[in-house]
Amino acid sequence: NCSYFKHFTPGQSSEIFEVTTQKEYSISAAAIAIFSVGFAIIGTICVLLSFRKKRDYLLKPASMFYTFAG
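The numbers attached to residues start from 1 for each chain and follow its sequence in the written order. With the structure being a predicted model, the display of local features is reserved for residues of pLDDT at least 70 and the display and counting of side-chain atom pairs for 80 or more, all residues being used for whole-chain, interface and lining totals. As a convention, hydrogens and water are excluded, and side-chain values are obtained from all of the structure's heavy atoms.

By definition, any uninterrupted DSSP run of H or I lasting at least four residues is a helix, any uninterrupted run of E lasting at least two residues is a strand, and each is numbered from the N terminus. A tally of regular secondary structure across the protein chain gives two helices and two strands. In the protein chain, the succession of helices and strands from N to C terminus is β-β-α-α. Relative accessibility decides the category of a residue: with a 1.4 Å probe and only protein chains considered, values under 20% of the type maximum give buried, values over 50% give exposed, and everything between is partly exposed. Counting over 70 residues, the protein chain shows a buried share of 10%. Expressed as a percentage of contacts within the protein chain between residues at least 6 apart in sequence, the contacts between residues at least 24 apart total 17%. In what follows, a contact means two residues having at least one pair of non-hydrogen atoms within 4.5 Å.

Given below as structure tokens:
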């Protein structure tokens, strides 16, 4: 079974350690990933608007959004 493994020590009883994922870490990682995708989308919108309408001042916020996404 992959959900646990036994740790044997000589002369003592075996101890069973269960390997489980911590839900707090997975929820926070999902939240960070969603924010990262959101920042990347906003950065892409800024880049597309700056190229389409020749507004170069939108490139600086786009670079900040890409940095936050990273």
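Time to look at a nonpolar patch on the surface. What goes into a patch is any residue over 30% in relative accessible area without a salt bridge, connected to like charges within 9 Å or, for nonpolar side chains (Val, Leu, Ile, Met, Phe, Trp, Tyr), within 5 Å. Using a 1.4 Å probe, the Shrake-Rupley method yields the accessible areas, and only the shown protein chains count as cover for residues. We count a salt bridge whenever a side-chain nitrogen from Lys or Arg sits within 4 Å of a carboxyl oxygen from Asp or Glu. A cluster of nonpolar side chains, contributed by Val37, Ile41, Ile45 and Leu49, occupies part of the molecular surface with about 340 Å² of accessible area. Tracing the sequence through the fold places Ile41 in helix α1 (residues 23-52). Residue classification places Ile41 among the partly exposed residues on the basis of a relative accessible area of 49%.

UniProt positions are given in the numbering used here, feature names are shortened, and annotations may be inferred rather than shown by experiment. Feature annotation in UniProt assigns "transmembrane region" (unreviewed entry) to the following positions: residues 27-51. Strand forms 0% of residues 27-51 and helix 100%; the C-alpha atoms that close the span are 37 Å apart.

Turning our eyes to something else, we now look at the side chain of Ser50. Inspection of the secondary structure puts Ser50 in helix α1. Every residue in contact with Ser50, bar those within four places of it in the chain, is listed here: Arg55, Leu58 and Leu59.

Only rings of Phe, Tyr and Trp enter the pairing, Trp through its six-membered ring, and a pair is recorded when the two centres are within 6.5 Å. The plane angle decides the type: under 30 degrees is stacked, over 60 is edge-to-face, the rest tilted. A full pass over the atoms with the stated rule returns two aromatic pairs. Centre to centre, the rings of Phe39 and Phe65 are 6.1 Å apart; their planes meet at 20 degrees, and the pair counts as stacked. Of this pair, Phe39 sits in helix α1 while Phe65 sits in helix α2 (residues 59-69), and the two are 26 residues apart along the sequence. Take Phe39: its relative accessible area is 27%, and that puts it in the partly exposed class. Members of the aromatic cluster, each reached through a chain of ring pairs, are Phe39, Phe65 and Phe68.

What follows covers the environment of Ile45. Examined against the element boundaries, Ile45 turns out to sit in helix α1. Relative accessible area serves as the criterion here: at 45%, Ile45 is assigned to the partly exposed category. Distance from Ile45 to Ala62, taken between C-alpha atoms, is 8.0 Å for residues 17 residues apart in sequence.

Here we take up the environment of Ala40. Mapping Ala40 onto the fold places it in helix α1. By relative accessible area, which is 25% here, Ala40 ends up partly exposed. In this structure Ala40 touches Tyr66 and Ala69, once residues within four positions along its chain are discounted.

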